[in-house]
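Observations on the model geometry
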Amino acid sequence: MSNIKDLTVAQLKQAIEIREQIEILQAQLAYIGNGRVGRPPSAKAAKLGKRRMSAAGRARIAAAAKARWANFRRGAKAVKPAKVTRKKKRFNAAARAKLSAAAKARWAKAKASGKKAL
């Protein structure tokens, strides 16, 4: 096989398609080799690893959508969940004074050395 750098884009795409077909055939061969009865996995499902939704799951989603539309058509406002508000943490007066004194000391030291920024 020639160097991969020498291949064109079209040739690379064709190589990828062939590789995918080989993987699908290998998956089908492995399915048959395990002694399973029935239909082997489809090429699309083997390629994508596609998930399937149960009928009950689809029914639940459909029922919820119908309920939302019914509320919308009726003019009902959507109920938003209440926001959880947390109390802000604040420093007490002593801690604020300590931080302020440390900042003033840093600025005094910086200005003494001729700096205009920290």
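Residues numbered from 1 in each chain as written. Predicted model: local features only at pLDDT ≥ 70, side-chain atom pairs only at ≥ 80, totals over all residues. Heavy atoms only, no water.

**Here we look at the overall build of the protein**
For the record, the criterion: Strands here mean DSSP runs of E at least two residues long; helices mean DSSP runs of H or I at least four residues long; both are numbered from the N terminus. Only the protein chains shown count as cover for residues, and all accessible areas are computed by the Shrake-Rupley method using a 1.4 Å probe.
From N to C terminus, the protein includes four helices and zero strands. Sequence-ordered secondary structure for the protein, helices as α and strands as β, is α-α-α-α. Total accessible area on the protein is roughly 11700 Å²; 59% of this is exposed by carbon and sulfur atoms.

**Regarding the confidence of the model for the protein**
Threshold: A residue's pLDDT is the confidence the predictor assigns to it, expressed on a 0 to 100 scale.
With 79% of its residues at a pLDDT of 70 or more, the protein has an overall mean of 82. The least confident element of the protein is helix 2 (residues 43–48), whose mean pLDDT is 56; the most confident is helix 4 (residues 93–112), at 94.

**Looking at helix 3 (residues 55–74)**
Here is the rule we go by: To estimate the expected span of a helix, subtract one from its residue number and multiply by 1.5 Å.
With 20 residues, helix 3 extends 28 Å between its outermost C-alpha atoms, agreeing within 8% with the 28 Å of an ideal straight helix rising 1.5 Å per residue. Positive backbone phi, approximately 90 degrees, marks Gly-75, located one or two places after helix 3.

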